[in-house]
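# What the coordinates show
Residue strings, one per chain:
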Amino acid sequence: MYLQELELHNYRNYETLTIPFENKVNVILGENAQGKTNLMEAIYVLALAKSHRTSNDKELIRWDAEYAKIKGRLHKTHGSVPLELTISKKGKKAKYNHIEQKKLSRYIGNMNVVMFAPEDLNLVKGSPQVRRRFIDMEIGQISPVYLYDMSRFQKILQQRNHYLKQLQMKKQTDQTMLDILTEQLIEQAAKIVMRRFEFVRMLEEWARPIHHSISRGLEQLEIQYKPSVNVSEELNWSKMIKSYENKFAEIREREIDRGVTMAGPHRDDLAFVVNGRDVHTFGSQGQQRTAALSVKLAEIELIYSEIREYPILLLDDVLSELDDYRQSHLLNAIQGRVQTFVTTTSVDGVDHQTLREASMYTVKAGQIVR
């Protein structure tokens, strides 16, 4: 798949913009604070209906405007389809092929993107929250059911935390409602964790040979899912449910004392292990970056294996963060296969055929010139 055209109205610093793109590498040049990353973000938001930079949708709307609109024409194997996302203070409206989607979970996944930005280098060395968000966003692109399960889990978690807080403050004493919410939470948690185990296993299968190649055959990568409850991929449904029931029974009093849910998918983590050592704790910066790059390249292959189309790759100011060897590996991997958008202040010093053949665009104060 590839994005044929992008149209913006009142998005960040873009009042209005219509721009065609080619199915190859598209380089967005410009000085800082001119709108390069805003353009990249708009493509990401068009695909996933949320930003990778902010959770506050109002920030996406141009100053003094009532709404922001992103439109795109997406080419897929079966033909060309329009997408449209309108963001206002009332919420979001999404259209696929001119038809409004009642639920965002039905919209997300029609356009697949892989984002690689400097903050993604924190995937390995950052907080567990960064890694959980990564898992949720990537599974959500290929599984609308997962998005629904996550949404349901978050609602139940919010209700359960509220009730635990009520019990903590002695505003409630009846624990029957806690039992009901715990049972509901466990069912959603088991669905989510089983899907995460499957995703991590698939991601590792793709990432391991890529990492082995980038490390010149010197390193073996493992990606391990680290649940906050003693469960494993080998457990069947009933055994997994039982493990969760035992865990929540064990921590019940502590949860009431603290007024918060202390176990579940929202407390889980990922570990990246190279040659038997956790890269988060013991890896060099080079090893951490190689692991992050391997995972991003693996995402591309994983999505292709699931939907039989390559996703769109967004490289937001990341080339300058990689050394020449890793730059070359990345550009070789995408050459001629994946529509790619690259933002950078300059391509000087990046000597690669992929960039020499790229389409070049220059951004200046929310305007684009070819």
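A quick note: this is a predicted structure, and the numbers were derived from the prediction, not measured. (Residues numbered from 1 in each chain as written. Predicted model: local features only at pLDDT ≥ 70, side-chain atom pairs only at ≥ 80, totals over all residues. Heavy atoms only, no water.)

## Focus on the overall build of the chain
Let me state the cut-off plainly: Helix numbers and strand numbers start at the N terminus; a helix is a DSSP run of H or I with at least 4 residues, a strand a run of E with at least 2. Between the two quantities, the radius of gyration covers C-alpha atoms and the globule rule is 2.2 Å times the number of residues to the power 0.38. When accessible area is computed with a 1.4 Å probe and restricted to protein chains, residues below 20% of their type maximum are described as buried, those above 50% as exposed, and intermediate ones as partly exposed. Only heavy atoms matter for contacts: two residues are in contact if any of them lie within 4.5 Å across the pair. Accessible areas in this description were obtained via Shrake-Rupley with a 1.4 Å probe; residue shielding takes into account the shown protein chains only.
For the chain, the count of helices and strands is twelve helices and 15 strands. Relative to a compact globule of 370 residues, whose C-alpha radius of gyration would be 21 Å, the chain shows 22 Å and is just as compact. The 370 residues of the chain split such that 53% are buried. Partitioning the intrachain contacts of the chain with sequence separation of at least 6 by distance along the chain shows that 70% fall at a separation of at least 24. Counting only carbon and sulfur atoms, one obtains 46% of the accessible surface of the chain, whose full area is about 17500 Å².

## Brief notes about the UniProt feature "binding site: ATP" (unreviewed entry) in the chain
Basically, it comes down to this: UniProt positions are given in the numbering used here, feature names are shortened, and annotations may be inferred rather than shown by experiment.
On the UniProt side, "binding site: ATP" (unreviewed entry) is annotated at positions that read Gly30, Glu31, Asn32, Ala33, Gln34, Gly35, Lys36 and Thr37 here. Tracing the sequence through the fold places alanine 33 in the loop between strand E3 (25-29) and helix H1 (36-48). Given a relative accessible area of 79%, alanine 33 falls into the exposed group. Locating glutamine 34 in the fold gives a position in the loop between E3 and H1.

## Focus on the sheet that holds strand E11 (residues 277-278)
So the rule is basically this: Following DSSP output, two strands are said to pair if at least two bridges run between them. Axis definition: a line fit to C-alpha positions, over the contact stretch in the case of helices; interaxial angles, taken between N-to-C directions, run 0 to 180 degrees.
Strand order in this open sheet of three strands is E9-E10-E11, and the pairing throughout is antiparallel. Only two strands of the sheet have a single neighbouring strand rather than two, namely strand E9 (221-226) and E11. Relative to strand E10 (residues 269-274), E9 runs antiparallel, the two sharing six bridges. Within E10, the residue paired with isoleucine 223 across the bridge is phenylalanine 272. Strand contacts of helix H6 (residues 176-214): E9 and E10, with the helix running at about 170 degrees to E9, the strand carrying the most contacts.

## Considering the side chain of glutamine 166
Residue position: glutamine 166 is located in helix H5 (residues 144-168). Residue glutamine 166 is classed as buried on the basis of its relative accessible area, which comes to 18%. Once you skip the residues sitting within four places of it in the chain, glutamine 166 turns out to touch Lys171 and Gln172.

## Section: helix H11 (residues 324-334)
Regarding H11, the residues found buried are Arg326, Gln327, His329, Leu330, Leu331 and Ile334. For H11, the secondary structure elements touched by its buried residues are E3, H6, helix H10 (285-307), strand E12 (312-316), strand E13 (340-344) and helix H12 (353-356). Where H11 terminates, the next one or two residues include glycine 336, which has phi positive at roughly 75 degrees.

## Considering the environment of lysine 89
Note that lysine 89 resides in the loop between strand E5 (79-88) and strand E6 (91-96). A relative accessible area of 57% means that lysine 89 is categorised as exposed.

## With respect to the pattern of salt bridges
We count it as follows: The term salt bridge refers to a pairing of a side-chain nitrogen on Lys or Arg with a carboxyl oxygen on Asp or Glu at a separation within 4 Å.
Scanning the entire structure with this criterion turns up 19 salt bridges. Ionic pairing is found between arginine 12 and glutamate 41, a salt bridge with its closest N-O pair at 2.8 Å. Remark: glutamate 41 occurs in helix H1 and arginine 12 occurs in the loop between strand E1 (2-11) and strand E2 (14-20); sequence separation between them is 29 residues. Each member of the pair, arginine 12 together with glutamate 41, is buried. Here arginine 208 makes a salt bridge to glutamate 204, at a shortest N to O gap of 3.3 Å. Taken together, the residues span about one helical turn, with arginine 208 and glutamate 204 both in helix H6 at a distance of four residues. Residue arginine 208 is classed as partly exposed on the basis of its relative accessible area of 35%.

## Concerning the nonpolar core
What counts, and what does not: Take the buried residues of types Ala, Val, Leu, Ile, Met, Phe, Trp, Tyr and Cys, join any two whose side-chain atoms come within 4.5 Å, and each joined set is a nonpolar core.
In terms of nonpolar packing, the biggest core is built from 76 residues, with Ile223 and Tyr244 touching the most fellow members. Sorting elements by how many residues they give to this core places H6 first, with 16 residues. If near-sequence neighbours (up to four positions away) are discounted, isoleucine 223 is found in contact with Val200, Leu203, Glu204, Ala207, Leu270, Ala271, Phe272 and Val295. Counting residues in each nonpolar core, the second largest holds 45 residues, with Tyr14, Val45, Leu314 and Ile368 among its members.

## Observations concerning the packing of H6 against helix H7 (residues 237-250)
The following threshold applies: An angle below 35 degrees is read as roughly parallel, one above 145 as roughly antiparallel, one from 65 to 115 as roughly perpendicular, and any other as oblique. By convention, the crossing between two helices is left-handed when the near helix turns anticlockwise from the far helix through less than a right angle, and right-handed when the turn is clockwise.
Axis separation between H6 and H7 bottoms out at 10 Å; the angle between their running directions is 125 degrees. Between H6 and H7, the angle falls in the class oblique. Relative to H7, H6 is oriented so that their crossing is right-handed. Two secondary-structure elements touch here, H6 through Thr182, Leu185, Ile186, Glu187, Ala189, Ala190, Lys191, Val193, Met194 and Phe197 and H7 through Trp237, Met240, Ile241, Tyr244, Glu245 and Phe248.

## Quick look at the side chain of arginine 12
Put simply, the rule is: The definition of a polar contact used here is a pair of N or O atoms within 3.5 Å, where within protein one atom must be able to donate a hydrogen and the other to accept one, and adjacent residues in sequence count solely through side-chain atom pairs.
For arginine 12, a relative accessible area of 18% puts it in the buried group. In terms of polar contacts, arginine 12 uses its side chain to reach the backbone carbonyl oxygen of glutamate 59, at 3.5 Å. Each residue touching arginine 12, except ones within four places of it in the same chain, is listed here: Asn38, Glu41, Arg53, Thr54, Glu59, Leu60, Ile61 and Arg62.

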